[in-house]
Amino acid sequence: MIGVSFGAQWSQMTGSELAAGFSADWINIATTIIPFALLQTIVIPVSLYWAWGHESARRLWTLALASWLINCAITAGYHFPIVWTAMQGGYSPATITGVVDTWVLVHWVRIVLGYLTFHLALQATIRGRANN
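Remember, it's a predicted structure, so these values are computed and weren't measured experimentally.

*Asks:* Looking at this structure, how should I read the nonpolar core?
*Replies:* Soluble globular proteins tend to pack their nonpolar side chains together in the buried interior. Ranked by size, the top nonpolar core spans 15 residues in total, and within it Ile2, Trp10, Phe22, Trp26, Val100 and Trp103 carry the most contacts. Mapped onto this core, the elements with two or more residues apiece are α1 (6-11), α2 (15-50), α3 (55-87) and α4 (93-130). When sequence neighbours within four positions are dropped, the list of residues in contact with Trp103 reads Ile2, Trp10, Phe22, Trp26, Tyr78, His79, Ile82 and Val83. Among the nonpolar cores identified, the runner-up in size contains 12 residues, and Leu60, Trp61, Ala64 and Ala121 belong to it.

*Asks:* Is there a simple way to think about the layout of surface pockets in this case?
*Replies:* If a probe as big as a water molecule is rolled over the atoms, it shows which places are left empty. Approximately 1,100 Å³ is the volume found for the largest pocket. Together, 39 residues line the largest pocket, and Ile33, Ala37, Gln40, Trp68 and Arg110 are the ones closest to its centre. It is α2 that contributes the most residues to the lining of the largest pocket, 14 residues altogether. Looking at the lining of the largest pocket residue by residue, the class counts come to 28 nonpolar, 10 polar and 1 charged. Here the second largest pocket is characterised by a volume of approximately 180 Å³. Lining the second largest pocket are 11 residues, and of these Ser47, Trp50, Ala51, Trp61 and Gly128 lie nearest its centre. Of all elements in the fold, only α2, α3 and α4 reach the threshold of two or more residues within the lining of the second largest pocket. Counting residues per element, the lining of the second largest pocket draws most heavily on α4, at 4 residues. For the lining of the second largest pocket, a count of residues per class yields 5 nonpolar, 5 polar and 1 charged.

*Asks:* What should I look at first to understand the packing of α2 against α4 in this one?
*Replies:* The description of two packed helices rests on the angle between their axes and on the distance between the axes. Across the interface, α2 lies against α4 with an axial gap of 12 Å and an inter-helix angle of 20°. Looking at the two axes, α2 sits roughly parallel to α4. Helix-helix and strand crossings are classified by hand; for α2 and α4 the assignment is left-handed. Within the contact between the two elements, α2 uses Gly15, Ser16, Leu18, Ala19, Phe22, Trp26, Gln40 and Ile44 and α4 uses Pro93, Ile96, Thr97, Val100, Trp103 and Thr117.

*Asks:* Looking at this structure, how should I read the confidence of the model for the protein chain?
*Replies:* This prediction gives the protein chain a mean pLDDT of 89; 96% of its residues lie at or above 70. Of all secondary-structure elements in the protein chain, the lowest mean pLDDT belongs to α1, at 82, while α3 reaches the highest, 94.

*Asks:* Where do I start with the packing of aromatic side chains in this structure?
*Replies:* This structure, assessed with the given rule, holds 5 aromatic pairs. Aromatic side chains Phe22 and Trp103 sit 5.6 Å apart centroid to centroid with 85° between the ring planes, which places their arrangement in the edge-to-face category. Here the residue Phe22 occupies a position in helix α2, and Trp103 occupies one in helix α4, the gap between them amounting to 81 residues. Per residue, the accessibility class of Phe22 equals that of Trp103, and both read buried. Grouping aromatic residues by their ring pairs yields a cluster made of Phe6, Trp10, Phe22 and Trp103. Here the basic side chain of Arg58 rests over the ring of Trp52, its NZ or CZ set 5.0 Å away from the ring centre.

Thresholds applied
- Residues numbered from 1 in each chain as written.
- Predicted model: local features only at pLDDT ≥ 70, side-chain atom pairs only at ≥ 80, totals over all residues.
- Heavy atoms only, no water.
- Core = buried A, V, L, I, M, F, W, Y, C linked by side-chain atoms within 4.5 Å.
- Buried < 20%, exposed > 50% of the residue type's maximum accessible area, 1.4 Å probe, protein only.
- Helix = DSSP H or I, 4+ residues; strand = E, 2+ residues; numbered from the N terminus.
- Contact = heavy atoms within 4.5 Å.
- 1 Å grid on protein atoms, 1.4 Å probe; cavity = no way out; pocket = protein on both sides within 12 Å on 5 of 7 lines; lining within 4 Å.
- Points joined across faces, edges and corners; volume = space filled by probe spheres on them.
- Nonpolar A, V, L, I, M, F, W, Y, C, P; charged D, E, K, R; others polar.
- Axes fitted to C-alpha atoms, helices over the stretch in contact; angles between N-to-C directions.
- Parallel < 35°, antiparallel > 145°, perpendicular 65-115°, else oblique.
- Left-handed = near helix turned anticlockwise from the far one by under 90°.
- pLDDT = per-residue confidence, 0-100.
- Phe/Tyr/Trp six-rings, centres within 6.5 Å; stacked < 30°, edge-to-face > 60°.
- Lys NZ or Arg CZ within 6 Å of the ring centre and 35° of its normal.

If you want it as structure tokens, here you go:
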């Protein structure tokens, strides 16, 4: 969502607009994304637990959990600190454009991990259902 929506919007802003708009957009983004992220953080481990007796499904759920945790680590270690610094006014209009451009570029890694997590979870569900 962010890469193709807000990312496109942010790339069209001047440094001054971006310094004001980047952190302001996070209220809307956080209220839509965080509930789904929390849901995944609960559902994937529970699904792994339920699939523990099915080796092929368990392996896929383990890989899904690993890709989700990598995604969470990137978020916590890279993306969130930048957002927090922007929310505190820590970037000047001259520097925020480059920071956000890189932020969006690294975000595409998270998109790939998100699709990978979804694919692995879907395959795990299919295999788990086939084993029942």
